[in-house]
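A look at the structure
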Amino acid sequence: GILELELTKLPRPARTPRLCRAPSREPPWIRWPWCGSAASAPSPLNLFRRRRVRGWWPCTLQEDGGRRLSGKVELSLELLTAREAEERPAGKGREEPN
């Protein structure tokens, strides 16, 4: 599969898997089910400003003219400068498995 994220309009994640549900309409960054009404829903995240986000996002299937929850993904996203990336390379901070 393919996942494309618009990092300047990233939907806010749910804090827990229990709160993570399929959105009822498009576009998803306008209203997620755990954000309340569309008027009170927080604006989407700009990862270039925030630099780090963690939470649960719904995976959905298009089915019978609607969307159905097919799973949930816990994801942590962090943007680093080139220098920070050199200091903390991915996968190098852990020990070898037993």
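Computed from a predicted model, the values in this text were never measured in an experiment.

**Considering the overall build of the protein chain**
A tally of helices and strands in the protein chain yields two helices and two strands. The order of helices and strands in the protein chain, counted from the N terminus, is α-β-β-α. Counting across all 98 residues of the protein chain, residues that qualify as buried make up 21%. Long-range contacts, defined here as pairs at least 24 residues apart, represent 51% of the contacts in the protein chain between residues at least 6 apart. Accessible area of the protein chain: about 7800 Å², with a carbon and sulfur share of 50%.

**Considering unusual backbone geometry**
Phi at Arg51 takes a positive value of approximately 75°, unusual for a residue other than glycine. By the element assignment, Arg51 lies in the loop between helix H1 (47-50) and strand E1 (52-63). The phi torsion at Asp64 lies on the positive side, around 50°, for a residue other than glycine. Within the secondary structure, Asp64 is located in the loop between E1 and strand E2 (66-78).

**Points about the side chain of Asn46**
Relative to the helices and strands, Asn46 is located in the segment before H1. Of the polar contacts made by the side chain of Asn46, one reaches the backbone nitrogen of Phe48; its length is 2.9 Å. In this structure Asn46 touches Leu7 and Thr8, once residues within four positions along its chain are discounted.

Parameters and conventions
Residues numbered from 1 in each chain as written. Predicted model: local features only at pLDDT ≥ 70, side-chain atom pairs only at ≥ 80, totals over all residues. Heavy atoms only, no water. Helix = DSSP H or I, 4+ residues; strand = E, 2+ residues; numbered from the N terminus. Buried < 20%, exposed > 50% of the residue type's maximum accessible area, 1.4 Å probe, protein only. Contact = heavy atoms within 4.5 Å. Areas by Shrake-Rupley, 256 points an atom, 1.4 Å probe, with all protein chains shown as cover. Polar contact = N/O pair within 3.5 Å; in protein donor to acceptor, adjacent residues only side chain to side chain.

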